[in-house]
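Architecture and fold: a report
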Amino acid sequence: QVELVESGGGLVQAGGSLRLSCAASGGLFSINAMGWYRQHPGKQRELVAIVTTGGTTTYSDSVKGRFVISRDDAKKTVDLQMSSLKPEDTGVYYCKAVLRTPPAFTIQDFWGQGTQVTVPS
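Notes on the structure in this doc start here. (Residues numbered from 1 in each chain as written. Predicted model: local features only at pLDDT ≥ 70, side-chain atom pairs only at ≥ 80, totals over all residues. Heavy atoms only, no water.)

Topic: the overall build of the protein
Rules: Put simply, DSSP H or I for four residues or longer makes a helix, DSSP E for two residues or longer makes a strand, and each gets a number counted from the N terminus. Radius of gyration: C-alpha atoms only; globule rule: 2.2 Å multiplied by the number of residues to the exponent 0.38.
Each helix and strand counted, the protein has zero helices and 11 strands in total. Along the protein, from the amino end to the carboxyl end, the secondary structure elements read β-β-β-β-β-β-β-β-β-β-β. For a compact globule of 121 residues, the expected C-alpha radius of gyration is about 14 Å, and the protein comes in at 14 Å, within 12% of that figure. Oriented by its inertia axes, the alpha-carbon framework of the protein measures out at about 50 × 25 × 25 Å.

Some points on the environment of Ile-50
Heads up, the condition is: A simple rule labels every residue: compare its accessible area, found with a 1.4 Å probe on the protein chains alone, to the largest value its type can have, and call it buried under 20%, exposed over 50%, or partly exposed in between. By definition in these notes, contact holds between two residues if any of their heavy atoms fall within 4.5 Å.
Note that Ile-50 resides in strand β5 (residues 46–52). With relative accessibility at 15%, the residue Ile-50 sits in the buried group. C-alpha separation for the pair Ile-50 and Trp-36, spaced 14 residues apart in sequence, amounts to 6.2 Å. In contact with Ile-50, other than residues within four places in its own chain, are Ala-33, Met-34, Gly-35, Thr-56, Thr-57, Thr-58 and Ile-69.

Here we look at the nonpolar core
In plain terms, the rule: In this text, buried Ala, Val, Leu, Ile, Met, Phe, Trp, Tyr and Cys residues form a nonpolar core when linked through side-chain atoms within 4.5 Å.
Residues Trp-36, Leu-80, Met-82 and Tyr-93 are the most contacted members of the largest nonpolar core, which totals 28 residues. For this core, the elements supplying multiple residues, two or more each, are β3 (18–25), β4 (30–39), β5, β7 (67–72), β8 (77–82) and β9 (91–101). Leaving out residues up to four positions away in the same chain, Met-82 has contacts with Gly-16, Ser-17, Leu-18, Leu-20, Arg-66, Phe-67, Tyr-93 and Val-117.

Description of the pattern of salt bridges
Pairing is possible between side chains that carry opposite charge, provided their charged atoms lie close to one another. What counts, and what does not: A pair is scored as a salt bridge if a Lys or Arg side-chain nitrogen falls within 4 Å of a carboxyl oxygen belonging to Asp or Glu.
Throughout the structure, instances matching the rule amount to seven salt bridges. With a closest N to O distance of 3.1 Å, Asp-61 and Lys-64 form a salt bridge. On the basis of relative accessibility, which here comes to 65%, the residue Asp-61 falls in the exposed class. Overlapping salt bridges, with partners in common, bring together Arg-38, Glu-46, Arg-66 and Asp-89 in one network.

Description of unusual backbone geometry
Pro-102 connects to Pro-103 through a cis peptide bond whose omega is 10 degrees. Within the secondary structure layout, Pro-103 lies in the loop between β9 and β10 (106–111). Of note, Ser-84 is a non-glycine position whose phi angle comes to about 50 degrees, a positive value. Mapped onto the secondary structure, Ser-84 falls in the loop between β8 and β9. Its relative accessible area of 40% is what places Ser-84 among the partly exposed residues. For Phe-105, which is not glycine, the phi dihedral falls at a positive 55 degrees. In this structure, Phe-105 sits in the loop between β9 and β10.

Written out as structure tokens, the structure reads:
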């Protein structure tokens, strides 16, 4: 069973930095893409950043220039380096993996449990 384990959330002052990490494990699978989404209270989950196996990255306009996503294919991990954090970055951050899993290796989305990031105003 595929599992995504996130780490690195916490409380940081405005202007500070945090690094989130996500590791995929469990069974045989291939990775199409891995990324991060976040959810503010009372709002829908939104894309923060995602990176495909081919190396293409996509960032939300709100984090461009401040966040950097990176992946390690060998370790099956994806990290999100967050800098110049703002109060509006507060939310629960979820790791997402787009994987091909047996037996048919069809594409499926998997989600982590979420990690809280808090940037006080």
